[in-house]
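Inside the fold
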Amino acid sequence: MATMTSSETGKAKGARARGFRLSPVLISYLQAAPLTLILGGFLLIPILMIGIVSFWDYDFAQMYPDFVTFNYAETLGSWVTWKTYLNTLKFAFLVWVITLFIGFWVAYFLAFHIRTTAMQMVLFLVCTVPFLTSNIIRMISWIPVLGRNGLVNSALINAGIVSEPVEWLLYSDFAVVLAMVHLYTLFMVTPIFNTLMRIDKTLVEAARDAGASGWQVLTNVIIPLAKPGMAIGTIFVVTLVMADFSTVQVMSGGQSASVALMMKNQMSLLQYPAAAANAVVLLVLVLLMVAGILRIVDIRKEL
């Protein structure tokens, strides 16, 4: 029996090593498997269960596995439900406009008017300090400020501006929007600030050297480059507002409604299939809004 030379032995070992080597495609699937399992177990499966329950029947005591469509018929065929959805969209729009305005100018100030990176980080952390407390605490802190005998009304009466307390400051849509702006402005500031920090400052200098005014630099250079951050902040703020029920319940004093609050009330009455149907409709609505934003602005460069 002939013996193998050293070169032949090396080739054989190399062939065996190549035979056990995993393909790049398989390696990529193995790397994505843990995240896929997490998303499937904690996101996709719960959403699928909500969709299934939305077709079940129910009464005052329990749910019955079935396939009925009257949950969606009641949701989409009720004028009260449509008004609730419109009210929710109104809150989302108002909060989005205000947080976008405030968030952009705060981020712009931090990115372009604060020269040192250390001071930028310090001031940004100062902006985040109130968010270290609970949303509920920050929300109800507006009650002694806006109340009938609160700080604002007391100041207005003492200054002689009004003769009696202003009633619409608290337990109104104004109070709901104000509290939501307070709660969610940081979610607009952060992505816009991140985007503005990535802008090459030489572009701004080149525009100024070309004779552009400050307004022209802002509208033609900074805002177009800040659109991805504004889009990400919009997605954050809109989705949070659409899902908020505690702020609407507390700050409106029960005088206003939102889809999330309607679902919360349905669940308290054990009407889980009806709440699931509303959840599906709300999810579809939010996904359509997000898809529209992604069609307008490409945010992949920020991810």
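Conventions we followed
- Residues numbered from 1 in each chain as written.
- Predicted model: local features only at pLDDT ≥ 70, side-chain atom pairs only at ≥ 80, totals over all residues.
- Heavy atoms only, no water.
- UniProt positions renumbered as here; feature names shortened; annotations may be inferred.
- Helix = DSSP H or I, 4+ residues; strand = E, 2+ residues; numbered from the N terminus.
- Buried < 20%, exposed > 50% of the residue type's maximum accessible area, 1.4 Å probe, protein only.
- Contact = heavy atoms within 4.5 Å.
- Expected span 1.5 Å × (residues − 1).

**Here we look at the UniProt feature "domain: ABC transmembrane type-1" (unreviewed entry) in the protein**
In the numbering used here, UniProt assigns the "domain: ABC transmembrane type-1" (unreviewed entry) feature to residues 85-293. Summarising residues 85-293: 76% helix, 0% strand, and an end-to-end C-alpha distance of 20 Å.

**Remarks on the environment of Leu270**
Mapped onto the elements, Leu270 comes out in the loop between α14 (259-268) and α15 (272-296). Assessed through its relative accessible area of 36%, Leu270 is described here as partly exposed. Separated by 125 residues in sequence, Leu270 and Val145 have C-alpha atoms that sit 36 Å apart. In this structure, Leu270 is in contact with Tyr58, Asp59, Phe60 and Ala61, ignoring residues within four places of it in sequence.

**Details of the environment of Tyr72**
Within the element layout of this structure, Tyr72 appears in helix α3 (residues 70-77). Once the C-alpha coordinates of Tyr72 and Val284 are considered, the two residues, 212 residues apart in sequence, prove to be 13 Å apart. Sequence-distant contacts of Tyr72, that is, excluding residues within four places in its chain, are made with Gly51, Ser54, Phe55, Gly77, Ala277, Val280 and Val281.

**Focus: helix α9 (residues 173-184)**
Residues spaced three or four apart along an α-helix point in a common direction, a consequence of the helix completing one turn every 3.6 residues. Helix length check: α9, at twelve residues, gives a terminal C-alpha distance of 16 Å against a target of 16 Å (1.5 Å per residue), a fit within 8%. Those residues of α9 that sit buried are Ala175, Val176, Val177, Ala179, Met180, Val181, Leu183 and Tyr184. Here the buried face of α9 lies against α4 (79-112), α6 (135-140), α7 (143-146), α10 (186-197), α12 (214-242) and α13 (246-251).

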